[in-house]
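# Fold and geometry: a report
Listed below, chain by chain, are the residues.
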Amino acid sequence: MRTALTELLGIEAPIVLAPMGGAVTPELAAAVSNAGGLGVIPLSYSTPDEIKSTVGEITALTDRPFGINLILEWEQRERLAAALDAGVPAISLFWGDVSELVPQAHDGGAVVFVSVGSVDEAVRAAAPGADVVVARGGRQAGMCAGRSRPLRSFRAWSTPSIPFRSSPRAG
Ligand SMILES: Cc1cc2nc3c(=O)[nH]c(=O)nc-3n(C[C@H](O)[C@H](O)[C@H](O)COP(=O)(O)O)c2cc1C
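Here we summarise the structure given alongside this text. Keep in mind the model is a prediction, meaning the values are calculated, not measured.

What counts as what
Starting from 1, residues in each chain are numbered consecutively following that chain's sequence as written. Only residues with pLDDT of 70 or above have their local features reported here, since the model is predicted, and side-chain atom pairs are shown and tallied only from 80 upward, although totals for entire chains, interfaces and linings are computed over all residues. What counts as an axis is a line fitted to C-alpha atoms, over the stretch in contact for a helix, and the angles between N-to-C directions run from 0 to 180 degrees. We count a stretch as a helix when DSSP gives it H or I for four or more residues in a row; a strand needs E for two or more, and each element gets its number in order from the N terminus. An angle below 35 degrees is treated as roughly parallel, one above 145 as roughly antiparallel, one from 65 to 115 as roughly perpendicular, and anything else as oblique. Helix crossings fall into two classes, left-handed where the near helix is turned counterclockwise from the far one by less than a right angle and right-handed where it is turned clockwise. The contact criterion used is a C-beta to C-beta distance within 7 Å, with each C-beta placed from the backbone. Nonpolar residues are Ala, Val, Leu, Ile, Met, Phe, Trp, Tyr, Cys and Pro. Charged residues are Asp, Glu, Lys and Arg, and all others, Gly as well, are polar. The exposure label follows from counting other C-beta atoms within 10 Å of a residue's C-beta, where the C-beta atoms are placed from the backbone and the thresholds are 20 or more for buried and 12 or fewer for exposed, leaving partly exposed in between. Two strands are counted as paired when DSSP detects at least two bridges linking them. For crossovers, right-handed means that the path from the first strand over the helix to the second runs clockwise, given strands pointing away from the viewer. Structurally, a nonpolar core is described as a collection of buried Ala, Val, Leu, Ile, Met, Phe, Trp, Tyr and Cys residues joined by way of C-beta atoms within 7 Å.

### A word on the packing of helix 2 (residues 26-34) against helix 3 (residues 48-61)
Running from N to C, helix 2 and helix 3 point in directions that differ by 40°, and their axes come no closer than 9 Å. As judged from the angle between their axes, helix 2 and helix 3 are oblique. Considering the relative orientation of helix 2 and helix 3, their crossing is right-handed. Facing Pro26, Glu27, Ala29 and Ala30 of helix 2, the residues of helix 3 in contact are Thr54, Glu57, Ile58 and Leu61. Its residues assigned to classes, the contact of helix 2 with helix 3 shows five nonpolar, one polar and two charged.

### What about the pairing of strand 4 (residues 111-116)?
Remark: a regular strand shows side chains that alternate across the two faces of the sheet. Counting buried residues along strand 4, six of its six residues qualify, which places the element largely inside the surrounding structure. Burial along strand 4 is two-sided: the residues Val111, Phe113 and Ser115 and Val112, Val114 and Val116 are all buried. Pairing of strand 3 (residues 90-94) with strand 4, which is carried by five bridges, proceeds in the parallel orientation. Note that in strand 4 the partner of serine 92 across the bridge is phenylalanine 113. For the segment spanning strand 3, helix 5 (residues 101-107) and strand 4, crossover handedness is right-handed. Note that strand 4 and strand 5 (residues 132-135) share four bridges and pair parallel. Note on strand 5: the bridge partner recorded for valine 114 is valine 133. Note that the unit made of strand 4, helix 6 (residues 119-126) and strand 5 has a crossover that is right-handed.

### Some thoughts on the packing of helix 3 against helix 4 (residues 77-85)
Put simply, helix 3 and helix 4 touch, their axes get as near as 9 Å, and they point 30° apart. In terms of orientation, helix 3 lies roughly parallel with respect to helix 4. Our pair here, helix 3 against helix 4, has a crossing hand that is right-handed. Where helix 3 approaches helix 4, its residues Pro48, Ile51, Lys52 and Val55 are matched on the opposing element by Glu78, Arg79, Ala82 and Ala83.

### Overview of the environment of serine 118
Looking at the element boundaries, serine 118 is found in the loop between strand 4 and helix 6. The class of serine 118 is buried, set by 20 C-beta atoms lying within 10 Å. C-alpha of serine 118 to C-alpha of alanine 135: the two residues are 17 residues apart in sequence and 7.7 Å apart in space.

### Some details on the nonpolar core
By size, the foremost hydrophobic cluster in this structure holds 49 residues, and its most contacted members are Ala83, Ile91, Val112, Val114 and Val133. For this core, the element with the highest residue contribution is strand 4, accounting for five residues. Apart from residues lying up to four places away in sequence, isoleucine 91 is in contact with Gly67, Ile68, Leu80, Ala83, Ala105, Ala110 and Val112.

### Description of the environment of alanine 13
Tracing the sequence through the fold places alanine 13 in the loop between helix 1 (4-9) and helix 2. As a C-alpha pair, alanine 13 and glycine 36 span 23 residues in sequence and 5.4 Å in three-dimensional space. Beyond its immediate chain neighbours, meaning those up to four positions away, alanine 13 contacts Met1, Thr6, Gly36 and Gly37.

### Considerations on the pairing of strand 1 (residues 39-42)
Burial along strand 1 is two-sided: the residues Gly39 and Ile41 and Val40 and Pro42 are all buried. Relative to strand 2 (residues 66-71), strand 1 is paired through four bridges, and the arrangement is parallel. Bridging across to strand 2, glycine 39 finds its partner in phenylalanine 66. In this view, the connection linking strand 1 to its parallel neighbour strand 2 by way of helix 3 has right-handed handedness.

See below:
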C-alpha cells in the first residue's frame, strides 16, 4: 500500500508502532519494521551509550527504517544527538516544546514525528516543520499534553503537505 507516509519513510505499510516505555524491545521494534511498518522504541531514560547499543541491536535485526521516541518533559538534546549519530532514520517526539529538536533532528537527516493531544499542540508541531503530526486519543495511558480544540477539527485545518496519522482513539 502506498501513502504519503510510506513514501516519506520508504516503508511498505502505513503502520507505526506506538512507542511504549517498558513494553517495546529492540526485537519488537525490528519485527514491526521487518513486517513493513515502522518500529519505534522509546529511549527517554537511556544514556547516550545505551542509545547507541540499543540502536545497534535493532540494526543487527533489520535493515528497514525504524524510529526512536523521546518524551520532552525533560532535556533530550543529548539523547537526540546520540540517536542521530547512530544513524536513526526517524525520531518521534512527545510532550513538550519541539521547536529546537525538530530542526536538530532534520539536521541529522531524520524524519520527525510529533505526537499531539490538541489542535494547539498540532499547530506548534507544524511550525518548526514536523514531517508527521500524530493525533493521539484522549486516554493515551494518561499521557496527554493538553486539551484545547478537539483533534477531530485538525484534519480540516491541516495542510495536505503534512501526513496526518490518527491513533485509533484520537478524539
Ligand atoms: C505502557 C505505555 C507506555 C507508553 N510509553 C510511551 C512513551 O514512552 N512515549 C510516548 O510518546 N508514548 C508512550 N505511550 C503512549 C502510546 O505510544 C500511544 O501513543 C498512546 O497510548 C495513544 O494511543 P491511542 O490514541 O491509540 O490511545 C505509552 C503508552 C502505554 C500504554
